[in-house]
Amino acid sequence: MPPRTIEVTRDELLARREQVLDSLGTTLDALRARTRTGALSGEEWEAVAELEEISFLLNDSPDDF
């Protein structure tokens, strides 16, 4: 059985990025700054991982987390 492929649009990925940041009540820049200091909760570390995946799928330059 072939692996299941999920297709999403660029707009859906951008919307998901905003949802992740909104759920944390922060901006991408603020989250990056907190990541550099290592002062993140478990939920925030999970969000960073998801944001890195979104960035990869968007073919953006890698987020500096």
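Below you will find a few notes about this structure. (Residues numbered from 1 in each chain as written. Predicted model: local features only at pLDDT ≥ 70, side-chain atom pairs only at ≥ 80, totals over all residues. Heavy atoms only, no water.)

**Examining the overall build of the chain**
Then, in step 1: Of the regular secondary structure elements, the chain holds three helices and zero strands.
Then, in step 2: If you list the helices and strands of the chain from N to C, you get α-α-α.
Then, in step 3: Dimensions of the chain, computed from the C-alpha atoms along their principal axes, are close to 45 × 25 × 20 Å.
Then, in step 4: A fraction of 50% describes how many contacts in the chain between residues 6 or more apart in sequence connect residues 24 or more apart.
Then, in step 5: Accessible surface for the chain amounts to roughly 4800 Å². Of this, 51% is attributable to carbon and sulfur atoms.
Then, in step 6: Distance between charge centroids for the chain: 2 Å, based on 7 positive and 15 negative side chains. (Helix = DSSP H or I, 4+ residues; strand = E, 2+ residues; numbered from the N terminus. Contact = heavy atoms within 4.5 Å. Areas by Shrake-Rupley, 256 points an atom, 1.4 Å probe, with all protein chains shown as cover. Lys, Arg positive; Asp, Glu negative; His and termini not counted. Charge placed at Lys NZ, Arg CZ, Asp CG, Glu CD.)

**Some thoughts on the pattern of salt bridges**
Opposite charge on two side chains permits pairing when their charged atoms draw close.
Then, in step 1: Under the counting rule described, the total for this entry stands at three salt bridges.
Then, in step 2: A salt bridge links E44 to R34; the shortest N-O distance between them is 2.8 Å. Here E44 is found in helix α3 (residues 42-58), whereas its partner R34 is found in helix α2 (residues 28-37), with ten residues between them in sequence.
Then, in step 3: Since its relative accessible area comes to 13%, E44 is described here as buried.
Then, in step 4: With a relative accessible area of 35%, R34 lands in the partly exposed category. (Salt bridge = Lys/Arg side-chain N within 4 Å of Asp/Glu carboxyl O. Buried < 20%, exposed > 50% of the residue type's maximum accessible area, 1.4 Å probe, protein only.)

From the geometry alone we can't say anything about function, so treat these as descriptive.
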